[in-house]
Structure formats: structure tokens, C-alpha cells
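Residue-level listing of the chains:
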Amino acid sequence: MGDLSEFSLPIQVFLRGYPWRRIDPVPWTPIVRPLAEIRLALVSSAGLVLGDQPPFDDRMRGGDPGFREIPADADARVLVDAHRSESFDHGPMREDPNVAFPIDRLRELRAVGRIGSVAPRHLSFMGSITAPGRLIRETAPEAARLLAGDRVDAALLVPV
Amino acid sequence: MCNQAVGLVAAELERQGIATVTIQLLRFVAERVRPPRALCVPFPHGRPLDAPGHPERQLAVIEAALALLEEREARPPLVVEWAPTVAPRRAPGMNGPGTR
């Protein structure tokens, strides 16, 4: 299990004392069809953007709650790391974005029929958000509306 | 923070009718934030799907996550610890499923 020991002591202290937002009640949407028939989207907080997209705003207090749309046919190798956190090693993600944004893996699952289809776009957040009020009130609902409009059945969410 | 962010987005997706499964790198965060379906993985921040350049290992984690979507009888919040699965070994000459 990943644990706090990977972080510096000040970050450990911060994480232990942080007022985590508790989801209550916990919503639950079951999938009603076999996986081989569902449309799957990817939602990542790895802060990856395409080269022609603006990076996330590092100056925003509490963290930039926005997201970028990544077309499903995007080449993983052109994704740019725009995550502001210095508390993890960015090397693996820069070497292979699929380790945090598995866009190639989803296409492979579709190719072998494990899932029905890949959503036309995936969503990329920058997860270093200490003040998630706007995320909860504005950008997460907007993200959900986009994916619902794409008739997405299920989403895989990946932090970094 | 990343663990909380994806959990909060997952909750909103579920409210709007999209099933979710969320990878989590810190179990205590998953237990506090409570995304609907959480797969806790033993990897450090920066590589939530195991090793770069190893598609098969990345797929193994994704498969375990997808399996949570198929848990029809589960009650939220569902928190599951990931463990690599070992494919059953088949003895030479056996036709049926391996037993060892």
C-alpha cells in the first residue's frame, strides 16, 4: 500500500491534519450492461495537457480546478506534464504517460472487445487542489455533464 | 490531494448517472473521502498504474479496477486493496483448468 512515508515530514504533517472532504451520502450508479457493451472514459488528475492547450495555473490559490479535454485518439507521447506538485517523481509519467493516463490501454481494451467503446474524449485535471470548493460546485459537475453528453456509461479515475 | 480530487469528481459523475471506479494511492484518504468504488494500489505517487513502459502491468491494474464495476452486490463505499493475480498454472497434458 502506498503510504505517507514517501513524503517529506512537512507534507506528512499537512496530510495528517488536512480536512479531507467526505462524500456523504455516497452516490452509486451501477452498470446495467456487460463491460463489453459499455462506453468507458478516462478521468485523470495527472495534470497532462496537449501541447496547444494552456497549462494549469500554478498561481491559483488552492489549486486550479479546471480540466482539459483530451481527444480519445490523442497520441500519449505528445501529452505534456503540467502538474505543479513537487512532492512526487514526475519521471515515470514523462517516460510513459500511460502510467497515469492510460489512453493506449483503453484503446487496447476496446480492440480486444473487453469494453464496448472508448469515449470520444477524456478529461485531465491537475489534482493538487487544496481548496476544492470550485471543483465540487463548478468544474466536476461540468465535467460530468460533458461525459453524460457523450453517453459515457462508466469512467476510470486515476490520481497521480 | 490528487486522491481527493479524483474522488470528488467520481462522486459528481455518479450523481449524473455515470458509474465510476477510482484508483487510490493512499488508503486512509480513500476511507475519509469515500469515492464510490476505490481500488487501493501499492505504488508511489507518480506512477499509479505500476511501472512505465509495462503495458501488461498497467492492464492488470486496470482490469482489477474494471472488476469493481462488475460488483453488482456491493454497497458503497467500496474499498478494495489491489493484489496481483497469479494465473492458474496448467500441468502438462491437462485439458481442464489448472489446479495449482
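See above for the structure.
Residues numbered from 1 in each chain as written. Chains lettered and ligands numbered in written order. Predicted model: local features only at pLDDT ≥ 70, side-chain atom pairs only at ≥ 80, totals over all residues.

Novice: What is the right way to look at the overall build of chain A in this model?
Specialist: From N to C terminus, chain A includes 4 helices and 7 strands. Written out in order from the N terminus, the α and β elements of chain A read α-β-β-β-β-α-α-β-β-α-β. Over its C-alpha trace chain A gives a radius of gyration of 16 Å, about what one expects of a compact globule, namely 15 Å for 160 residues. C-alpha extents for chain A along the principal axes are approximately 45 × 40 × 30 Å. Here chain A holds 160 residues, and 39% of them are scored as buried. (Helix = DSSP H or I, 4+ residues; strand = E, 2+ residues; numbered from the N terminus. Rg over C-alpha atoms; globule rule 2.2 N^0.38 Å. Buried ≥ 20, exposed ≤ 12 C-beta atoms within 10 Å, placed from the backbone.)

Novice: Could you clarify how one ought to interpret the overall build of chain B in this entry?
Specialist: Across its full length, chain B carries 3 helices and 3 strands. Starting at the N terminus, the α and β elements of chain B follow one another as α-β-α-β-α-β. Counting the 100 residues in chain B, one finds 48% classified as buried. The long-range fraction of contacts in chain B, counting pairs at least 24 apart against all pairs at least 6 apart in sequence, stands at 45%. (Contact = placed C-beta atoms within 7 Å.)

Novice: Is there a simple way to think about unusual backbone geometry in this case?
Specialist: Trans is the common state for peptide bonds, and a negative phi is the common state for residues other than glycine. A cis amide bond links Asp24(A) to the next residue, Pro25(A), at an omega of 0°. Of note, Pro25(A) is situated in the loop between α1 (9-17) and β1 (39-44). Here the bond from Pro76(B) into Pro77(B) is cis, since omega is -10°, no more than 30 degrees from zero. The residue Pro77(B) is located in the loop between α3 (55-69) and β3 (78-81) in this model.

Novice: What am I meant to see in the pairing of strand β6 (residues 121-125) of chain A here?
Specialist: Within a regular strand, the side chains alternate between the two sheet faces. All names here are of chain A. Of all 5 residues that make up β6, 4 are buried, and the element is covered over most of its length. Inspection of the sheet shows β1 paired to β6 by 2 bridges, in the parallel sense. Residue pairing across strands places serine 44 opposite serine 124, the latter belonging to β6. (Pairing = 2+ DSSP bridges.)

Novice: Help me understand the interface of chain A and chain B in this model?
Specialist: By a widespread convention, an interface's size corresponds to the accessible area lost as its parts come together. Chain A puts 53 residues into the contact, and the matching count from chain B is 57 residues. Of all elements in the fold, only α2 (91-95), α4 (133-149) and β7 (154-158) of chain A reach the threshold of two or more residues within the side of chain A that touches chain B. Among the elements that make up the side of chain A that touches chain B, the one with the highest residue count is α4(A) (9 residues). Bridging between β7(A) and strand β1 (residues 19-24) of chain B involves 4 bridges; their strand directions are parallel. Paired with Leu156(A) across the strands is Val21(B), a residue of β1(B).

Novice: Is there a simple way to explain the packing of α4(A) against helix α1 (residues 2-15) of chain B in this structure?
Specialist: Packed helix pairs are characterised by how far apart their axes lie and by the angle those axes make with each other. Running from N to C, α4(A) and α1(B) cross one another at 55°; their axes reach a closest spacing of 8 Å. One finds that α4(A) runs oblique with respect to α1(B). Of the two possible hands of crossing, α4(A) and α1(B) adopt the one that is right-handed. Taken together, the residues of α1(B) that come into contact with α4(A) (itself represented by Leu135(A), Ile136(A), Ala140(A), Pro141(A), Ala143(A), Ala144(A) and Leu147(A)) are Ala5(B), Leu8(B), Val9(B), Glu12(B) and Leu13(B). Within the contact of α4(A) with α1(B), the residues separate by chemical class into 11 nonpolar, no polar and 1 charged. (Axes fitted to C-alpha atoms, helices over the stretch in contact; angles between N-to-C directions. Parallel < 35°, antiparallel > 145°, perpendicular 65-115°, else oblique. Left-handed = near helix turned anticlockwise from the far one by under 90°. Nonpolar A, V, L, I, M, F, W, Y, C, P; charged D, E, K, R; others polar.)

So yeah, pure geometry; function would need other evidence.
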